[in-house]
Amino acid sequence: MAAAELVQLWRGGMLESTHRGHVVICDEAGQIVQSWGDPERVIFPRSSCKMIQALPLLESGAADAAGLSDAHIALSCASHQGAHLHVDMAGRWLADLGLGESDLRCGSHEPYDRTERDRLIRANDAPCQLHNNCSGKHSGFLTANKHLKGGSEYTEIDHPLQRAIRAATEEVTGETVAGYGIDGCSAPNFAMSVAGLARAMSAFAAAREAGNSRQRAMARLRDAMAAHPDLVAGEGRACTELMRAMGGKVSIKTGAEAVFVAMLPEQKLGIALKIEDGNGRASEAVLVSLLAKLGVLDANHPMAQKRLPAPQVNCRGFTVGELRLAEGFC
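Computed from a predicted structure; not experimentally measured. (Residues numbered from 1 in each chain as written. Predicted model: local features only at pLDDT ≥ 70, side-chain atom pairs only at ≥ 80, totals over all residues. Heavy atoms only, no water.)

> A description of empty space enclosed by the protein should follow, citing residues and the corresponding values.
The rolling of a water-molecule-sized probe over the atoms marks out the regions of remaining empty space. In this structure the tally under the stated criterion is 2 cavities of 30 Å³ or more. Taken as a whole, the largest cavity spans an internal volume of roughly 50 Å³. What lines the largest cavity is Lys50, Gln53, Ala54, Pro56, Leu57, Ser76, Lys137, Gly140, Phe141, Ala144 and Leu161. Among the elements that take part in the lining of the largest cavity, helix 7 (residues 135-148) stands out by supplying 4 residues, more than any other. Here the residues of the lining of the largest cavity are counted per class, giving 6 nonpolar, 3 polar and 2 charged. (1 Å grid on protein atoms, 1.4 Å probe; cavity = no way out; pocket = protein on both sides within 12 Å on 5 of 7 lines; lining within 4 Å. Points joined across faces, edges and corners; volume = space filled by probe spheres on them. Helix = DSSP H or I, 4+ residues; strand = E, 2+ residues; numbered from the N terminus. Nonpolar A, V, L, I, M, F, W, Y, C, P; charged D, E, K, R; others polar.)

Structure follows, in structure tokens:
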């Protein structure tokens with residue numbers, strides 16, 4: 001099946017760009033409720049699967065043994081901005097484990113947060129691994145690894161931690177991992193179908209604290225994200241702004257190359273989507289449109305309007321084009 005046309009950009013009365021992709025909505029039984037494009041399209045979920053990668057952290061007992069709060073759990077699922085809030089928390093987390101920044105294996109990059117970036121420039125300091133947008137995930141990895149007494153190279157594909165993540169991935173997606181790639185933070189990223197990712201998100205959505213150990217872990221991860229949207233991404237980011245706009249009722253997570261997922265506990269629905277060309281404006285527009293359609297996000301909320309198909313305004317304030325949903329979508 002071919003990718004579906006989902007979002008279009010019009011300028012001067014002409015179609016300028018088209019974003020195609022794949023979208024799947026699954027119910028609590030893991031059945032497809034609605035889809036566009038090819039549900040079986042195999043993708044790398046990138047950072048959208050961080051809550052899956054965090055399952056061994058909770059299920060092994062490592063999180064409780066380390067006394068992690070829900071804020072720690074939210075940060076373990078984060079693709080954060082590298083703001084002081086994120087860097088300080090990750091640093092204190094590692095110190096409490098008796099570990100340090102050098103124990104991370106995520107690498108460093110300039111923080112996306114402008115205030116922290118400017119602070120580093122003024123101080124003539126270089127960014128460290130704590131500034132990496134995945135330092136929370138890796139702090140979770142180190143917590144689980146210490147509990148499991150694994151070796152220091154916890155990102156290696158044959159490490160016990162990565163084997164546990166692979167097993168959890170196959171269990172919650174209901175399919176065999178299709179392969180793996182190495183993510184930007186050096187951790188393996190297991191390939192899956194869009195339907196498999198949506199199936200996993202519906203399991204997170206339907207999970208209850210009164211359930212078995214897997215369901216309790218899923219519910220805690222999902223609810224921690226919704227309760228701490230500032231830790232999951234940061235100011236100005238879609239994950240943070242949209243979770244705030246929905247009042248903590250829905251958990252969402254983006255991934256690189258225009259992947260997005262959502263967990264809707266009240267409806268027990270899971271959403272997964274992938275834009276073929278990797279364009280984030282399209283993935284955000286698609287997700288917001290779906291959340292509004294499903295009644296969990298007010299389409300008139302400023303954070304929704306910021307991302308819904310809308311007029312394109314240039315630097316002089318002139319309307320020069322329009323971002324639209326493609327006919328037949330949503």
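> Provide a residue-level description of the layout of surface pockets, including the pertinent values.
When its volume is computed, the largest pocket comes out at roughly 340 Å³. Along the wall of the largest pocket there are 23 residues; nearest its centre are Ser79, Arg237, Thr254, Gly255 and Ala256. Breaking the lining of the largest pocket down by element, the ones donating at least two residues are helix 12 (238-245), strand 8 (251-255) and helix 13 (280-293). If you tally residues by element for the lining of the largest pocket, the top one is helix 13, at 3 residues. By residue class, the composition of the lining of the largest pocket is 8 nonpolar, 10 polar and 5 charged.

> Residues and numbers for the side chain of Ser76, please.
Along the polypeptide, Ser76 turns up in helix 4 (residues 70-76). A polar side-chain atom of Ser76 sits 2.6 Å from the main-chain carbonyl oxygen of Ile73. Sequence-distant contacts of Ser76, defined by excluding residues within four places in its chain, comprise Lys50, Ala54, Leu57, Trp93, Gly136, Lys137 and Leu221. (Polar contact = N/O pair within 3.5 Å; in protein donor to acceptor, adjacent residues only side chain to side chain. Contact = heavy atoms within 4.5 Å.)

> Quick one: what's the story with the packing of aromatic side chains, residue by residue and with numbers?
Inspection of every chain in the model, using the stated rule, returns 3 aromatic pairs. Consider the rings of Trp36 and Phe329, whose centres lie 4.9 Å apart with planes at 75°: the pair is edge-to-face. Of this pair, Trp36 sits in strand 3 (residues 32-36) while Phe329 sits in the segment after strand 12 (319-325), and the two are 293 residues apart along the sequence. Neither residue differs from the other here; Trp36 and Phe329 are each classed as buried. Of note, Arg324 hangs over the ring of Trp10, and the distance from its end group to the ring centre comes to 4.4 Å. (Phe/Tyr/Trp six-rings, centres within 6.5 Å; stacked < 30°, edge-to-face > 60°. Buried < 20%, exposed > 50% of the residue type's maximum accessible area, 1.4 Å probe, protein only. Lys NZ or Arg CZ within 6 Å of the ring centre and 35° of its normal.)

> Which residues make up the nonpolar core, and what are the values?
Core analysis: the largest hydrophobic core is formed by 99 residues, its most contacted members being Ile252 and Leu291. Here the element with the most residues in this core is helix 9 (residues 194-206); it accounts for 8 residues. Sequence-distant contacts of Leu291, that is, excluding residues within four places in its chain, are made with Met246, Val250, Ile252, Ala262, Leu264, Ile271, Val296 and Leu297. (Core = buried A, V, L, I, M, F, W, Y, C linked by side-chain atoms within 4.5 Å.)

> Now, about the pattern of salt bridges: what can you tell me, with residues and values included?
Applying the stated criterion across every chain yields a total of 21 salt bridges. Salt-bridge contacts for Arg214 lead to Glu171; the nearest nitrogen and oxygen are separated by 2.8 Å. Separated by 43 residues along the polypeptide, Arg214 in helix 10 (residues 213-227) and Glu171 in helix 8 (residues 160-173) bring together distant segments of the chain. On the accessibility criterion, Glu171 (51% relative accessible area) is exposed. (Salt bridge = Lys/Arg side-chain N within 4 Å of Asp/Glu carboxyl O.)

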